[in-house]
Amino acid sequence: MKVEFIEEGHIYKVDGVITPSVSEIIRTVLFPDMYQGVPKRILNNKASFGTNVHNAIENNDPSKLNKIEMLSYMEYERLIKKHNIEILEQEQIVNYEDLYCGTFDAIAKVDGVLSLIDFKTTYKLDKEYLSWQLSFYNTAHQMDFLKAYAVWLPKKKKGDVVEIELKSDEEVLEVVDKFYEVL
């Protein structure tokens with residue numbers, strides 16, 4: 001089985017067949033109005049900021065960041081040290097039985113505990129959305145993580161490491177079923 005990700009359009013293909021992403025399923029079934037009323041220009045700016053910070057973290061290279069992005073990267077470095085976070089894997093694509101795909105940010109040991117991590121640069125941390133997002137990755141990865149965290153790196157503010165409660169596999173698969181019912 002071959003899984004590929006096409007960045008333009010945020011499209012996953014499994015053996016050449018377009019497969020829904022975690023974010024597509026979550027936004028369709030659980031959060032359909034998530035970005036309603038937010039101007040496209042603002043969404044694009046926020047996405048660019050988040051992508052730049054994510055890339056710097058993934059490549060351990062902040063050299064291309066602007067001053068404001070660098071502040072978030074420096075918060076990342078501070079939080080990694082403070083919480084004894086040891087990154088084990090980054091940016092891995094997961095596929096659950098060809099029903100959905102996604103890319104998790106990291107698997108890490110946080111104070112010695114194997115954990116699933118998502119890096120967020122949002123102004124406000126949406127714990128419920130994150131709970132679903134990380135739970136979808138957990139179900140697809142088929143490794144019951146003991147903990148899940150958001151490493152929150154908001155623009156121009158102090159960051160934090162926030163524990164996120166995971167949903168059960170049954171809850172995740174119920175949402176997947178609802179998504180395929182509305183197709």
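Residues numbered from 1 in each chain as written. Predicted model: local features only at pLDDT ≥ 70, side-chain atom pairs only at ≥ 80, totals over all residues. Heavy atoms only, no water.

Caption draft 1: A look at the sheet that holds strand β4 (residues 85-96). Here five strands make up an open sheet; going across it, the order is β4-β5-β6-β7-β8 and the pairing mixed. In the strand order of this sheet, the two ends are held by β4 and β8 (160-163), each with one partner. Across the sheet, the mean angle from the axis of one strand to that of its neighbour is 35°, orientation sign disregarded. Judged from the 10 bridges that link them, β4 and strand β5 (residues 100-110) form a sheet pairing that is antiparallel. (Pairing = 2+ DSSP bridges. Helix = DSSP H or I, 4+ residues; strand = E, 2+ residues; numbered from the N terminus. Axes fitted to C-alpha atoms, helices over the stretch in contact; angles between N-to-C directions.)

Caption draft 2: Highlighting unusual backbone geometry. With a phi angle near 45°, Glu 91 is a residue other than glycine that sits in the positive phi range. Examined against the element boundaries, Glu 91 turns out to sit in strand β4. Phi at Asp 111 is positive, roughly 50°, even though this residue is not glycine.

Caption draft 3: Structural context of the pairing of strand β1 (residues 3-6). Direction of pairing for β1 relative to strand β2 (residues 11-14): antiparallel, over a ladder of four bridges. The residue of β2 that forms the bridge with Ile 6 is Ile 11. Here β1 folds back onto β2, and the loop between the two strands holds four residues, one of which, Gly 9, carries a positive phi near 95°.

Caption draft 4: Up close: the packing of aromatic side chains. As enumerated under the stated definition, the model contains seven aromatic pairs in all. Residues Tyr 96 and Tyr 100 carry aromatic rings whose centres are separated by 5.7 Å and whose planes lie at 20° to one another, so their mutual orientation is stacked. Judged by its relative accessible area of 10%, Tyr 96 falls in the buried class. Taking the relative accessible area as the measure of exposure, Tyr 100 reaches 0% and is therefore buried. Here the aromatic rings of Phe 179 and Tyr 180 are separated by 5.4 Å at their centres, their planes lie at 90°, and the arrangement is edge-to-face. Phe 179 gets classed as buried once you look at its relative accessible area, which sits at 2%. Sitting above the plane of the Phe 49 ring, Lys 155 keeps its charged end 4.8 Å from the centroid. Of note, Lys 157 hangs over the ring of Tyr 123, and the distance from its end group to the ring centre comes to 4.7 Å. (Phe/Tyr/Trp six-rings, centres within 6.5 Å; stacked < 30°, edge-to-face > 60°. Buried < 20%, exposed > 50% of the residue type's maximum accessible area, 1.4 Å probe, protein only. Lys NZ or Arg CZ within 6 Å of the ring centre and 35° of its normal.)

Caption draft 5: Examining the nonpolar core more closely. Within the largest apolar cluster, 28 residues are counted, with the highest numbers of intra-cluster contacts made by Ile 26, Tyr 100, Leu 116, Leu 134, Phe 136, Tyr 137 and Ile 164. Elements supplying a minimum of two residues to this core: α1 (22-29), β4, β5, α4 (127-141), β7 (147-152) and α5 (169-182). Not counting residues up to four positions away in its chain, the partners in contact with Ile 26 are Phe 31, Tyr 129, Trp 132, Gln 133 and Phe 136. (Core = buried A, V, L, I, M, F, W, Y, C linked by side-chain atoms within 4.5 Å. Contact = heavy atoms within 4.5 Å.)

Caption draft 6: Molecular detail of the pattern of salt bridges. Per the counting criterion, the structure on display carries four salt bridges. Linking Arg 78 and Glu 75 is a salt bridge whose minimum nitrogen-to-oxygen distance equals 2.8 Å. With a gap of three residues between them, Arg 78 and Glu 75 both fall in helix α3 (residues 67-82), about one helical turn apart. According to the relative accessible area criterion, Glu 75 is buried, its value standing at 11%. (Salt bridge = Lys/Arg side-chain N within 4 Å of Asp/Glu carboxyl O.)

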